[in-house]
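# A structural walkthrough
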Amino acid sequence: MAEDTQGPRLRIFASPGRYVQGRGALARLGELVADHGARPLILVDDIVRGLTEKVVTDSFREAGLPLTFERFGGLPTRAEAARVAAVIGSGGHDVVIGLGGGTAIDTAKAAGDDSGVPWVSAATVASTDAPTSALSVVYTESGAFESYRFYNRNPALVVVDTQLVAEAPTRFLAAGVGDALATWIEARAVRDAHTDTMVGGLPTRSGTALARLSWDILWESALPALEAVERNLVTPAVEAVVEANTLLSGLGFESGGLAAAHAVHDGLTAVDQTHHLAHGEKVNIGSLTQLLLEGAPTSEVDAFAEFTARVGLPTTLTEAGLGDADDATLDRVVAAATAPGETIHNLPFTPSARDVRDALRAVEGVGRRARRRAGLGEPSVPDHH
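Thresholds, definitions, all that
For every chain, the first residue of the written sequence is number 1, and numbering continues from 1 along that sequence. Only residues with pLDDT of at least 70 get local features here, since the model is predicted, and only at 80 or more are side-chain atom pairs given and counted; chain-wide, interface and lining totals rely on the full set of residues. Side-chain measures here rest on the full set of heavy atoms in the structure, leaving out hydrogens and waters. UniProt positions are given in the numbering used here, feature names are shortened, and annotations may be inferred rather than shown by experiment. Here a salt bridge means any side-chain nitrogen of Lys or Arg lying within 4 Å of a carboxyl oxygen belonging to Asp or Glu. A run of H or I in DSSP counts as a helix once it spans at least four residues, and a run of E counts as a strand once it spans at least two, with each numbered from the N terminus. With a 1 Å grid spanning the protein atoms alone, the term cavity applies to any set of points in which a 1.4 Å probe fits but cannot get out, the term pocket to an open set with protein on both sides within 12 Å along at least five of seven lines, and the term lining residue to any residue with an atom within 4 Å of a point. Grid points are joined across faces, edges and corners, and a volume is the space filled by probe spheres set on the points. Charged residues are taken to be Asp, Glu, Lys and Arg, nonpolar residues to be Ala, Val, Leu, Ile, Met, Phe, Trp, Tyr, Cys and Pro, and polar residues to be all remaining types, Gly included. A helix is expected to reach a length of 1.5 Å times the quantity of its residues less one.

The protein goes by Glycerol dehydrogenase in an unreviewed UniProt entry, where it is assigned to Nocardiopsis codii. Turning to the protein, the UniProt record has this under Catalytic activity (unreviewed entry): "glycerol + NAD(+) = dihydroxyacetone + NADH + H(+)". The Pathway (unreviewed entry) field of the UniProt record for the protein holds the comment "Polyol metabolism; glycerol fermentation; glycerone phosphate from glycerol (oxidative route): step 1/2."

Structure below.
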């Protein structure tokens, strides 16, 4: 990037206006939202609404706010964002709340931006680092990655109720760990390459340091946190991991930068075989691919593969439904992962398509060895349906 055409390159850090986390945080949603609007709209799917309606209704009543629920269609597509924006406009709403996981939250951001109203993230799971960021991932109607959509502001407010996180399936928290562990792997590469972050500037030391802090917390606390959540408990380890998955990873990926791990995730969404995997599960295949592409020390790659296998994340192509994939199938993954504008181009070097395909194929052996060391048995395609 030449300075004479673009002016001096600036360092940029972005963050939400306020972040609130803890057991029972959702009971405070009304009073917290009241600072941002008087006619809120809550975008939520049927399942999350069933789990949260009483708490949210009581909270809004105490705050003296009217309550309007809008059913989320399930996929963060352009059409769904436009539909919700129309509802905001026709209802005269002045703030929109995405309640649930990353897809509802990302759609609320898009609809809020379309409508010119502030948006709030109310996370009931810690499965991605979407809640804090000023971008959405846009998917096609078939569930493939379409694009990133960037906004000029972050959520006005982020609320994460750790009791709800603990009561959600353990797999969601594990997927969030997968998404968050990539943050340091990618931020480190962006720092070394002097490339731009997701907020259009060089990384700040703060963004990179928060990515590293997220990594350190997860290596320390992920396994005890997952044990606790398996029994619906909120412990200090759970609070630490939720903060790492949501706040630290969110600030770290956005202001520290993305590289190959998330690009490989995007590539994996291009083939139907991987749709059974959650976002953070696909990202973990991407993290292993990036470490192999970088020629990271074998001890580091093996330790990462074994740790993430213990977390319950996929570490093989077999678990991604691609164990017997031919070159043509993997070439579709690679083509999407290396498309112009993809974050893989933030690496300090330029891998060829063949380099990426070979690294992706090499994940299988690394992951199988790691699973054997962890006593986890042979990998298979999980039945999540």
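Moving on from the model shown.
### Remarks on the pattern of salt bridges
With the rule as written, the count across this model stands at 27 salt bridges. Residue Asp196 pairs with Arg9 through a salt bridge whose shortest N-O separation is 2.9 Å. Separated by 187 residues along the polypeptide, Asp196 in the loop between helix H7 (170-193) and helix H8 (205-230) and Arg9 in the loop between helix H1 (3-6) and strand E1 (19-22) bring together distant segments of the chain. Across the pair Arg212 and Asp216 runs a salt bridge whose closest N-O atoms are separated by 3.0 Å.

### Points about the layout of surface pockets
Computed from the structure, the second largest pocket encloses a volume of approximately 260 Å³. Forming the boundary of the second largest pocket are 17 residues, of which Asp196, Thr197, Gly341, Thr343 and Asn346 lie nearest the centre. A total of three residues in the lining of the second largest pocket trace back to one element, the largest contributor, which is strand E7 (residues 145-150). Its residues placed into classes, the lining of the second largest pocket shows six nonpolar, seven polar and four charged.

### A closer look at the environment of Arg231
Relative to the assigned elements, Arg231 resides in the loop between H8 and helix H9 (236-256). In sequence terms Arg231 and Val125 are 106 residues apart; their C-alpha atoms lie 15 Å from each other.

### Side note on helix H11 (residues 279-294)
In this model H11 runs 22 Å from its N-terminal to its C-terminal C-alpha over 16 residues, within 8% of the 22 Å that 1.5 Å per residue would give. A positive backbone phi angle near 70° is found at Gly295, which sits one or two residues after H11.

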